[in-house]
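One-letter residues, chain by chain:
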Amino acid sequence: PELARLAEAEPVRFAVLEGKQPGPARGDGAFVRLARSHAELDTASPPAAFSDLRFNLAAAGEALACRDFYAKVVAAGPPALVRFTALPPEVDAYFEALRRRAVSGPVT
């Protein structure tokens, strides 16, 4: 995917799912590059490849911070590459705005 480098890293919180429920493995990180279907996750505790993750936006307004979204780790990091599997429309629109403000266009 063609990932755009964000002007500022977007803070996120995540939990590694066990089945459909969040397990004990949790972390904080930030998306540093973003595409429509993928993101690079910079974190001190990178999840294993093929892990399913539940995210929320750590620093967004309350309306967005309460909206969970989901992704799968397709390449372990750091940074880890994740592919979004479920994005609420509000989060998708927020990410679209971030991509438009990305630094110096797309970076592959």
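What you see is a predicted model, and the numbers here were worked out from it, not measured in a lab. Think of each chain on its own: its residues are numbered from 1, step by step along the sequence as written. Confidence filtering applies because this is a predicted model: local features only for residues at pLDDT of at least 70, side-chain atom pairs given and counted only at 80 or more, and all residues used for totals across whole chains, interfaces and linings. Side-chain measures here rest on the full set of heavy atoms in the structure, leaving out hydrogens and waters.

Moving on to the pattern of salt bridges. The term salt bridge refers to a side-chain nitrogen of Lys or Arg lying within 4 Å of a carboxyl oxygen of Asp or Glu. Scanning the model with the defined rule gives eight salt bridges in all. Residues Asp52 and Lys72 are paired through a salt bridge, measuring 3.0 Å at the closest nitrogen-oxygen approach. Remark: Lys72 occurs in strand S5 (residues 69-75) and Asp52 occurs in strand S4 (residues 52-57); sequence separation between them is 20 residues. Classification of Asp52 as partly exposed rests on a relative accessible area of 32%. Where Arg100 meets Glu96, a salt bridge forms, and the shortest distance between an N and an O atom there is 3.4 Å. Taken together, the residues Arg100 and Glu96, both in helix H2 (residues 89-100) and four residues apart, mark about one turn of the helix. When a residue's accessible area, from a 1.4 Å probe over protein chains only, is under 20% of the maximum for its type it is buried; when over 50% it is exposed; and in between it is partly exposed. Judged by its relative accessible area of 65%, Arg100 falls in the exposed class. Classification of Glu96 by relative accessible area gives partly exposed; the value is 24%. Ionic contacts of the salt-bridge type, sharing partners, join the residues Glu96, Arg99 and Arg100 into one network. Counting from the N terminus, the helices are the DSSP runs of H or I reaching at least four residues and the strands are the DSSP runs of E reaching at least two.

What follows covers the pairing of strand S6 (residues 80-86). Taken together, the four bridges between strand S3 (residues 38-43) and S6 define a ladder with antiparallel strand orientation. Bridge pairing in S6 links His38 to Arg83. By the convention used here, strands pair only if DSSP detects at least 2 bridges between them. Joining the antiparallel neighbours S5 and S6 is a turn of four residues.

The next subject is the packing of aromatic side chains. Side-chain rings of Phe, Tyr and Trp, where Trp is taken by its six-membered ring, are said to pair if the distance between their centres is within 6.5 Å; with planes under 30 degrees apart they count as stacked, over 60 as edge-to-face, and otherwise as tilted. Scanning all chains against the criterion turns up ten aromatic pairs. Pairing Phe31 with Phe55 gives two aromatic rings, centres 5.2 Å apart and planes at 55°, and the pair type is tilted. Taken together, the residues span a long stretch of sequence, with Phe31 in strand S2 (residues 21-34) and Phe55 in strand S4 at a distance of 24 residues. No difference in accessibility class separates Phe31 from Phe55, as the two residues are buried. Three or more aromatic residues link up through ring pairs in this structure, and these residues are Phe14, Phe31, Phe55, Phe69, Phe84, Tyr94 and Phe95.

With that settled, consider the environment of Val12. Mapped onto the fold, Val12 is located in strand S1 (residues 3-18). Between the alpha carbons of Val12 and Leu57 there is a distance of 4.6 Å; along the sequence they are 45 residues apart. In what follows, a contact means two residues having at least one pair of non-hydrogen atoms within 4.5 Å. Look past the residues within four positions of Val12 in its chain and what remains in contact with it is Gly27, Asp28, Gly29, Ala30, Phe31, Leu41, Phe55, Asn56, Leu57 and Ala58.

With respect to the helices and strands, the residue Glu10 is situated in strand S1. Once you skip the residues sitting within four places of it in the chain, Glu10 turns out to touch Gly29, Ala30, Phe31, Leu57, Tyr94 and Leu98.

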